[in-house]
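Spelled out, the chains give:
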Amino acid sequence: MKEKSKRTKFLSEYSYIAVYVIILIVYVITNHGLTMSGFMNIFRHSAVIGIIGFGMGLICLTGDIDLSVGSMLALVSGFSVVIFNMTDNILLTFLFAVGFGAVVWAFLSYDKGLINGMLVGYGKIPAFIATLATMLIYRSFAQYYCQHIDKNLIGGGSSVYRMANANTLYQAMYNMGNGKVLMVPIVGILLIAVTIIFVYLTTETKYGKQIYAVGSNAKAARMTGIDVDKVKVSVFVIAGALVGLASFVWIAMNASADPATTGSSYEMYAIAAVVLGGISMSGGRGKMLGILFGAMSYTVIDKIIVALKMDSLINDAIKGIILIVVIMIQIVSPRIKEKIQKR
């Protein structure tokens, strides 16, 4: 009986692995097999969403949400292209992308920020509304500056930010985004490294425990001496830095960024990765490891849709339905557990 209870508890805590395996099996069947190269490409195609997802996961653990990450990806990746074209330096481009992502959130967002601080801090407007506003602002800036910036800095006068292929480090940058080490994509290795860092951060540090405490009960956390506002601001800044890292990965993989389409709907994809990974949208529950499997699950769902040769226009509709179903399961399953325990 105890063994059965342990198995049930394990399946409950790590259900995201089972979900991923089931989705992967469906893909193997619909695709009539899966090569090792195809399997490794799942990591490559999950990298950007996965990295953004870890930032979104931290935010969701505190009981908040960020709708601006997709537009922020467009803004930061576009400006990172400009920096690369100006400097022909990969390290400076990386530092700019991560730093700019964090700074944008530090000064323009949430509780202690300049703009949203007045909305959320004084006006008590929910983060949902504040980040909806910045979602519009970021993409608008990305598009505006692409049209008005020196055309030599965005690669030949197009409406897309393009890395200059005349730069001496262009090929090295592109190889970084598309290369492999022992069959494993470099960006996939980066995603795994980010996973290890954030699993450690949330499970083995005092700060991680504070994040869970704030998400579980902000009032109780404040009474125990936790600076709730500081924790909430910090997760948004970390999320911004991760969007910056994802922006660097994006331009390394694509050598360009389209301000009109880059990151479109990525806020929803990141939320989906978080939800599929088992993190509660109400905050305080879930494991960061689940986000890796959530991001890969969403990537494989994409591949299943392609394998079934379904109309691409219905792609997001299917993803939306899956997201609703998973959230409903999240809401209903605790109630079912309570009823079982009462019996």
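Everything numeric here is computed off the predicted structure, so don't read it as measured data. (Residues numbered from 1 in each chain as written. Predicted model: local features only at pLDDT ≥ 70, side-chain atom pairs only at ≥ 80, totals over all residues. Heavy atoms only, no water.)

Turning our attention to the overall build of the protein chain. Within the protein chain one finds 15 helices and 4 strands. Expressed as a percentage of its 343 residues, the buried residues of the protein chain come to 49%. Entry remark: accessible area of the protein chain is about 16,900 Å², with carbon and sulfur atoms responsible for 66%. (Helix = DSSP H or I, 4+ residues; strand = E, 2+ residues; numbered from the N terminus. Buried < 20%, exposed > 50% of the residue type's maximum accessible area, 1.4 Å probe, protein only. Areas by Shrake-Rupley, 256 points an atom, 1.4 Å probe, with all protein chains shown as cover.)

Our focus in this paragraph is the pattern of salt bridges. One side chain can pair with another of opposite charge once the charged atoms of both are near each other. Applying the stated rule across the entire model yields 2 salt bridges. The shortest N-O distance in the salt bridge between Asp64 and Lys232 comes to 3.3 Å. In this pair, Asp64 is assigned in the loop between α3 (36-61) and α4 (69-87) and Lys232 in helix α12 (residues 228-254), connecting sequence segments 168 residues apart. Residue Asp64 shares its accessibility class with Lys232, and that shared class is buried. As a salt-bridge pair, Asp229 and Arg222 come within 3.8 Å of each other at their nearest N and O atoms. Residue Asp229 is classed as partly exposed on the basis of its relative accessible area, which comes to 29%. The partly exposed category is assigned to Arg222, whose relative accessible area is 46%. (Salt bridge = Lys/Arg side-chain N within 4 Å of Asp/Glu carboxyl O.)

Once that is clear, we can look at the packing of helix α9 (residues 186-204) against α12. Following both chains from N to C, one finds α9 and α12 inclined at 170°, their axes separated by 11 Å at the closest point. Put simply, α9 runs roughly antiparallel to α12. Along its contact with α9, which presents Val187, Leu190, Val194 and Phe198, the element α12 presents Ile238, Leu242, Leu245, Val249 and Met253. (Axes fitted to C-alpha atoms, helices over the stretch in contact; angles between N-to-C directions. Parallel < 35°, antiparallel > 145°, perpendicular 65-115°, else oblique. Contact = heavy atoms within 4.5 Å.)

To continue, consider the side chain of Lys303. Position of Lys303 relative to the elements: it lies in helix α14 (residues 289-307). With no salt bridge to any partner, buried Lys303 finds its closest opposite charge in Asp302, at an N-O distance of 8.2 Å. Among the polar contacts made by the side chain of Lys303, one reaches the side chain of His45 at a distance of 3.1 Å. Excluding residues that lie within four positions of it along the chain, Lys303 makes contacts with Tyr27, Ile42 and His45. (Lys, Arg positive; Asp, Glu negative; His and termini not counted. Polar contact = N/O pair within 3.5 Å; in protein donor to acceptor, adjacent residues only side chain to side chain.)

All right, on to unusual backbone geometry then. Here the phi dihedral of Asp88 falls at roughly 55°; this positive angle occurs in a residue that is not glycine. Residue position: Asp88 is located in the loop between α4 and α5 (90-108).

Given a rise of 1.5 Å per residue, 19 residues ought to cover 27 Å, and the 26 Å separating the end C-alpha atoms of α4 matches this to within 8%. Downstream of α4 by one or two residues, Asp88 has phi in the positive range, about 55°. (Expected span 1.5 Å × (residues − 1).)

This next bit is on the environment of Asp66. Locating Asp66 in the fold gives a position in the loop between α3 and α4. Spatially, the C-alpha atom of Asp66 lies 9.7 Å from that of Ala270, the residues being 204 residues apart in sequence. Within polar-contact distance, the side chain of Asp66 engages the side chain of Ser68 at 2.7 Å.

Within the fold, Phe39 resides in helix α3. Taking relative accessible area as the criterion, Phe39 reaches 26% and is therefore assigned partly exposed. Sequence separation between Phe39 and Val184 is 145 residues; the distance between their C-alpha atoms is 9.5 Å. Look past the residues within four positions of Phe39 in its chain and what remains in contact with it is Tyr20, Leu24 and Leu34.

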